[in-house]
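So you can see what is in the structure, the chains are spelled out below.
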Amino acid sequence: MILECLKLFYTFFKIGILGFGGGYTMLSMIMTESTEQFSITAQQLADLNALDMIVPGPIAINAATYVGYLHAGFWGSLAATIGVTLPSLILVALVMRFITRYRENRVMESFLFGIKPAAVGLIASAAITIALGVLLKPGASLNTLFSDPFGTISVFLAVVFFLAAFLNIRFKVNPILLTVIAGIVGAIWVR
Amino acid sequence: MKKYNLKTLWALFVIFFKAGTFTFAGGLAMLPVIEKDVVEKYKLMDREEFMEYATLAQTLPGVIAANCACFVGRGAAGTPGMLAAVIGSTISAFVLMLLATILLQLIPMEGPVSGAFQCIRAASAAMVLSAAFSLGQHNIKSLFAVIVMLSALALVLFTDISAPVVILLAGITGYAYKRFKNRGKKEA
């Protein structure tokens with residue numbers, strides 16, 4: 001238990017200290033790392049993204065609390081949240097102590113120049129992983145994705161997925177509204 | 001060390017607690033409100049100092065709201081101020097998310113509820129894809145960015161390299177690319 005909390009702390013500390021550019025860079029790392037290191041499922045990550053829309057506060061804190069709790073209960077959520085926040089305290093203390101006028105902006109900018117597009121790639125990969133996971137038919141496995149796509153992926157859920165993505169990207173329909181409508185449709189149609 | 005008292009620490013906690021509790025989907029949407037509280041209401045520092053901290057907060061890695069809280073807290077009341085402000089900025093996100101997570105585990109996943117959640121998850125996955133799209137529209141504007149994006153995507157999906165390492169490599173690549181380009185300019 002203590003070991004799992006330390007692992008959560010260490011992983012989220014790494015994510016915090018590399019979180020250049022803020023929330024989405026960290027969320028992209030959290031989504032990828034938590035499936036690989038903390039055996040969080042695609043369904044649980046989809047739930048996380050839905051909760052993120054309705055629970056206030058910085059998304060990286062929300063995500064750390066969620067992944068930490070699912071992996072190791074209350075102490076896990078505390079370890080992950082402290083882990084992702086601690087780099088802020090350390091870096092701010094260092095910057096204020098050693099650099100009166102922060103002149104390293106150029107270096108930061110060039111780091112961000114590489115990190116911003118990489119974060120887009122990581123979010124895209126998280127989107128693919130989560131989508132494949134939640135669109136899967138019960139009991140099906142991704143191994144048969146190409147040989148038997150309609151036996152593997154639920155067509156109904158795929159339609160919901162593409163319709164929601166299309167309405168949000170093209171017409172900027174509110175994400176919370178789309179998610180609520182999807183929930184109602186699901187309660188009525190899916191058995 | 002700057003002078004501080006319990007009143008200042010409490011003010012810092014309240015300012016950032018308010019900002020953390022009423023901000024949805026992160027970001028610095030609450031910055032004008034924090035500014036008003038810090039500069040006008042509690043008079044913890046002048047506007048210029050606050051704006052410098054707010055700018056610095058965005059250039060450092062990590063949770064930007066927490067960075068901002070740390071700078072303002074430390075600037076106004078040293079290390080105790082930093083702690084009061086950063087706890088204020090994170091505590092409500094932590095507590096509310098913890099409650100939401102616990103409640104979610106209690107929902108019985110059967111019948112219509114299970115159907116509802118299947119569709120909620122499909123829509124939620126779509127919102128992750130949509131986030132990738134809108135981030136891409138802002139950040140993918142050069143061939144270099146396209147190559148970095150596709151490399152990051154491929155590395156995470158098809159190799160064992162972890163996401164933090166991909167981000168670190170991308171940062172170093174960005175740095176090297178900028179240096180190389182600037183050197184080329186000087187020589188020309």
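Residues numbered from 1 in each chain as written. Chains lettered and ligands numbered in written order. Predicted model: local features only at pLDDT ≥ 70, side-chain atom pairs only at ≥ 80, totals over all residues.

1. Considerations on the overall build of chain B
So, step 1. Along its length, chain B carries 7 helices and 0 strands.
So, step 2. Each helix and strand of chain B, ordered N terminal to C terminal, gives the series α-α-α-α-α-α-α.
So, step 3. Taking 2.2 N^0.38 as the reference for a compact globule, 188 residues should give roughly 16 Å; the C-alpha atoms of chain B span a radius of gyration of 22 Å, well beyond that estimate.
So, step 4. Projected onto its principal axes, the C-alpha positions of chain B cover 70 × 55 × 25 Å. (Helix = DSSP H or I, 4+ residues; strand = E, 2+ residues; numbered from the N terminus. Rg over C-alpha atoms; globule rule 2.2 N^0.38 Å.)

2. A look at the confidence of the model for chain B
So, step 1. In the predicted model, chain B carries a mean pLDDT of 90, and the fraction of residues at 70 or more is 92%.
So, step 2. The ipTM for the predicted assembly is 0.90, set against a pTM of 0.90. (pLDDT = per-residue confidence, 0-100.)

3. Here we look at helix α5 (residues 111–139) of chain B
So, step 1. Along its 29 residues, α5 of chain B runs 42 Å from first to last C-alpha, staying within 8% of the 42 Å computed at 1.5 Å per residue.
So, step 2. α5 of chain B sits mainly inside the fold: 21 of its 29 residues count as buried. (Expected span 1.5 Å × (residues − 1). Buried ≥ 20, exposed ≤ 12 C-beta atoms within 10 Å, placed from the backbone.)

4. Looking at the nonpolar core
So, step 1. In this structure, Ile123 of chain A together with Ala122 and Ala125 of chain B are the most contacted members of the largest nonpolar core, which totals 129 residues.
So, step 2. Here the element with the most residues in this core is helix α4 (residues 64–106) of chain B; it accounts for 20 residues.
So, step 3. Residues contacting Ala125 of chain B, with those up to four places away along its chain left out, are Ala46, Ala127, Ile130, Ala131, Val134 and Phe161 of chain A. (Core = buried A, V, L, I, M, F, W, Y, C linked by C-beta atoms within 7 Å. Contact = placed C-beta atoms within 7 Å.)

5. A few points about the environment of Ile15 of chain B
All names here are of chain B.
So, step 1. Considering the arrangement of structural elements, one finds Ile15 in helix α1 (residues 6–21).
So, step 2. Looking at Ile15, the number of C-beta atoms within 10 Å reads 28, which means it is buried.
So, step 3. Along the backbone, Ile15 and Leu83 are 68 residues apart, and their C-alpha atoms lie at a distance of 13 Å.
So, step 4. Ignoring anything within four residues of it in the chain, the contact list for Ile15 reads Ile34, Asp37, Val38 and Tyr42.

6. Focus: the domain arrangement of chain B
So, step 1. Its domain assignment divides chain B into domain 1 (6–105) and domain 2 (109–187).
So, step 2. The distance between the C-alpha centroids of domain 1 of chain B and domain 2 of chain B comes to 28 Å. (Domains from an automatic or database assignment.)

7. Regarding the interface of chain B and chain A
So, step 1. Residue-level contacts link 77 residues of chain B with 90 residues of chain A.
So, step 2. Of all elements in the fold, only α1, α3 (47–59), α4, α5, α6 (143–158) and α7 (163–187) of chain B reach the threshold of two or more residues within the side of chain B that touches chain A.
So, step 3. At 22 residues, the largest contribution of residues to the side of chain B that touches chain A is made by α5 of chain B.

8. Quick look at the environment of Leu8 of chain A
So, step 1. Looking at the secondary structure, you find Leu8 of chain A in helix α1 (residues 2–17).
So, step 2. Excluding residues within four positions of it along the chain, Leu8 of chain A makes contact with Gly68, His71, Ala72, Gly76, Ala79, Ala80 and Gly83 of chain A.

9. Some remarks on the packing of α1 of chain A against helix α4 (residues 59–98) of chain A
All names here are of chain A.
So, step 1. It is at 7 Å that the axes of α1 and α4 come closest, and there the two elements cross at 40 degrees. Our classification of the angle between α1 and α4 gives oblique. Crossing of α1 against α4: the hand is right-handed.
So, step 2. Within the contact of α1 with α4, the residues separate by chemical class into 17 nonpolar, 6 polar and 1 charged. (Axes fitted to C-alpha atoms, helices over the stretch in contact; angles between N-to-C directions. Parallel < 35°, antiparallel > 145°, perpendicular 65-115°, else oblique. Left-handed = near helix turned anticlockwise from the far one by under 90°. Nonpolar A, V, L, I, M, F, W, Y, C, P; charged D, E, K, R; others polar.)

10. Some words on the packing of α4 of chain A against α4 of chain B
So, step 1. At their nearest, the axes of α4 of chain A and α4 of chain B sit 10 Å apart, and the two run at 165 degrees to each other. In terms of axis orientation, α4 of chain A runs roughly antiparallel to α4 of chain B. Between α4 of chain A and α4 of chain B lies a crossing whose hand is right-handed.

11. Let's talk about the domain arrangement of chain A
Residue and element names in this part refer to chain A.
So, step 1. Once the domains are mapped, chain A shows domain 1 (2–135) and domain 2 (136–191).
So, step 2. Centre-to-centre, using C-alpha coordinates, domain 1 lies 26 Å away from domain 2.
So, step 3. Domain 1 puts 8 residues into the contact, and the matching count from domain 2 is 10 residues.
So, step 4. For the side of domain 1 that touches domain 2, the secondary-structure elements that each account for two or more residues are α3 (42–54) and α5 (105–135).
So, step 5. With 5 residues, the top contributor of residues to the side of domain 1 that touches domain 2 is α5.
So, step 6. Residues belonging to the side of domain 1 that touches domain 2 are distributed by class as follows: 7 nonpolar, 1 polar and no charged.

12. Points about unusual backbone geometry
So, step 1. Its identity is not glycine, yet Ser39 of chain A carries a phi of approximately 40 degrees, on the positive side.
So, step 2. A residue is classified by how many C-beta atoms lie within 10 Å of it, and Ser39 of chain A, with 10 of them, is exposed.
So, step 3. In this model, Lys43 of chain B sits at a positive phi of 50 degrees, which is unusual for a non-glycine residue.
So, step 4. Note on placement: Lys43 of chain B falls in the loop between α2 (31–41) and α3.
So, step 5. Under the C-beta neighbour-count criterion, Lys43 of chain B is labelled exposed, with 11 such atoms within 10 Å.

13. Re α6 of chain B
Residues and elements named next belong to chain B.
So, step 1. With 16 residues, α6 should cover 22 Å at 1.5 Å per step; its first-to-last C-alpha distance of 22 Å lies within 8% of that length.
So, step 2. All of the buried residues along α6 are Ala145, Val148, Met149, Ala152, Leu153, Leu155 and Val156. Down the axis of α6, the buried set is contained in an arc of 165 degrees. They therefore lie on one face. Turned more than 90 degrees off the buried face of α6, the exposed positions are Leu143, Ile147 and Phe158. (Arc of directions from axis to C-beta.)

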